[in-house]
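One letter stands for each residue in the lines below.
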Amino acid sequence: MLKIGVIGCGAIGRDHIRRLTDLVPGAQVVACADYFKEAADKVAAQYGITAYETGEALIAAPEVEAVVITSSDPSHAGYVLASLEAGKYVFCEKPLAQNAADCEKIIAAELAHGKRLLQVGFMRRYDRGYAEMKRIIDSGELGAPLMIHACHRNVSQPDGFQTEMGVSNVAIHELDICRWLLGDEYEAGQVLKVRQSACSTKGYDNPQIVLLETKTGCRIDVEVQVADAYGYDIQCQVVCEKGTVNLPDPYAVVKRANATRSFPILTDWKDRFIEAYDIELTQWVQAVEAGKLTGPSAWDGYVACVAADALNRSRGTGMFRKIETIEKPELYQ
Ligand code: ISE
C-alpha cells in the first residue's frame, strides 16, 4: 500500500481522497492538511486519518510516502519544492506554479534527484476521447494536423476569480492538451477580448479568446468562457490535411418527449472528467510503486505556465508574444 498525504481539502481534494480510498488499488490516504483547519479536521474524522496543521508538517511526516497537492493555485510551487526536498513522490494539480521562475526551481530540484518524482494533474491526457484523437493523429492516416478549434465553457467560478485565471487556471488545460495532441511546441500566443457576456457580472473578462501558433505553423483558437449560464462544455476539433477529429460529448441518455430529443449537459467539471481522474491516479500509484513516472512532468507543467504567462502579458496589446522556454533537460526527453 502506498501511504499518501493530501494537502488541500477543497472540492478536488475531497474528490481525490474519495477516489484514492475507494477506487485506486494499492493506495491508502493516511493524512490530510488544509489552510482552513476545520476543513482538514472534517475530512480526517470522515476517513479516520491524521489531520496535520500545515502542508509542511504533512510532507515531513514519516508515514507519508507520497504527497498529493490540491490546495489553492498560489500554494502549489512551495509544497512541490518541499516534497522534492524531502525526496518524496508528489502529484500536483494544475497549474504547477504561478510563474515560469518557480517552475524552473522545481525542475532544478527534481534534476538534483536525477529521476522524476513529480507528476502534474493534466488529467485530460487520460480521457478516452482525447486519447483516441491522439491515436488517430499520430497514426498519420489524416495527414498533418493544421489547426485546432477548441472551447472551454464553464458555468461559474469561485469568488476571487480574476481575468488572468481564465488562462492560468482554466485554459491551462488546453495549453497542455493541444501541444500533447499535436506533438508540437508553441511559438507565440495572444489573448483577445471579445464582446462581453451579460452573464459575467464579477468584473473579469468573459469570454476571452486564446490564439496560439506552434513551431510547425499550426494555429489554435480556444474560446474561454467562465460564466456561460448553461453547463460545462468542452469542445475540441483538430483539422488535419485529409480529415478532422472531434472530441466526443460525454455519454448521455437521449430523452424523446414533447416532440423533442434532448439530453442533459454536465455542469460540474469534476464529473466531466471523472473517468480520466480515476485512470490518472490509478496509473500514478502504479508508476510510483514501480519507481518510474510516465505521466505529465514538471516540464509539461513549466511549458503550460510559460505559455499562460506570455498570453496574459499579451492581453490588451493587440500583439502576439513569443513563448520562450529554457532548453529541455535530458530527464524530460
Ligand atoms: C477548474 O479550476 C478546473 O480545474 C477544471 O479542470 C477546469 O476545467 C475548470 O474550468 C476550472 O474552473
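So, a few notes on the structure that sits alongside this text.

Criteria and thresholds
Residues numbered from 1 in each chain as written. Predicted model: local features only at pLDDT ≥ 70, side-chain atom pairs only at ≥ 80, totals over all residues. Heavy atoms only, no water. Pairing = 2+ DSSP bridges. Helix = DSSP H or I, 4+ residues; strand = E, 2+ residues; numbered from the N terminus. Contact = heavy atoms within 4.5 Å. Axes fitted to C-alpha atoms, helices over the stretch in contact; angles between N-to-C directions. Parallel < 35°, antiparallel > 145°, perpendicular 65-115°, else oblique. Nonpolar A, V, L, I, M, F, W, Y, C, P; charged D, E, K, R; others polar.

Some details on the sheet that holds strand S10 (residues 219–225)
The sheet built from 7 strands is open, its strands ordered S12-S11-S7-S10-S9-S8-S15 with mixed pairing. Each having just a single partner strand, strand S12 (243–246) and strand S15 (321–322) make up the two edges of the open sheet. Here strand S7 (residues 145–153) runs beside S10; their pairing, made up of 7 bridges, is parallel. Across the sheet, residue His149 finds its bridge partner in S10, namely Asp221. Across the sheet, helix H6 (residues 128–139) lies against S7, strand S11 (233–240) and S12, angled at about 5° from S11, the strand it touches most. Contacting S7, strand S8 (186–193), strand S9 (208–214), S10 and S11, helix H7 (residues 165–182) runs over the sheet at an angle of about 150° to S7.

Here's the deal with the packing of helix H4 (residues 76–85) against helix H5 (residues 100–113)
The axes of two packed helices give the description: the angle between them and the distance between them. Interaxial distance between H4 and H5 falls to 10 Å at its minimum, and their mutual angle equals 10°. Between H4 and H5, the crossing angle belongs to the class labelled roughly parallel. Between H4 and H5, the contacting residues are Ala77, Val80, Leu81 and Leu84 on the first element and Asp102, Lys105, Ile106, Ala109, Glu110 and His113 on the second. Considering only residue class, the contact of H4 with H5 consists of 6 nonpolar, 1 polar and 3 charged.

Observations regarding the sheet that holds strand S3 (residues 50–52)
Strand order in this open sheet of 6 strands is S3-S2-S1-S4-S5-S6, and the pairing throughout is parallel. At either margin of the open sheet sits one strand with a lone partner, and together these are S3 and strand S6 (118–121). The sheet shows a mean angle of 25° between the axes of neighbouring strands, direction not considered. Strand direction decides the pairing type here: strand S2 (residues 27–33) and S3, joined by 3 bridges, are parallel. In the strand pairing of S3, Ala33 is matched with Tyr52. Strands strand S1 (2–7), S2, strand S4 (66–69) and strand S5 (89–93) of the sheet are contacted by helix H1 (residues 11–22), whose axis makes an angle of about 150° with S2.

In short, the description is geometric, and any link to function would need to be established separately.
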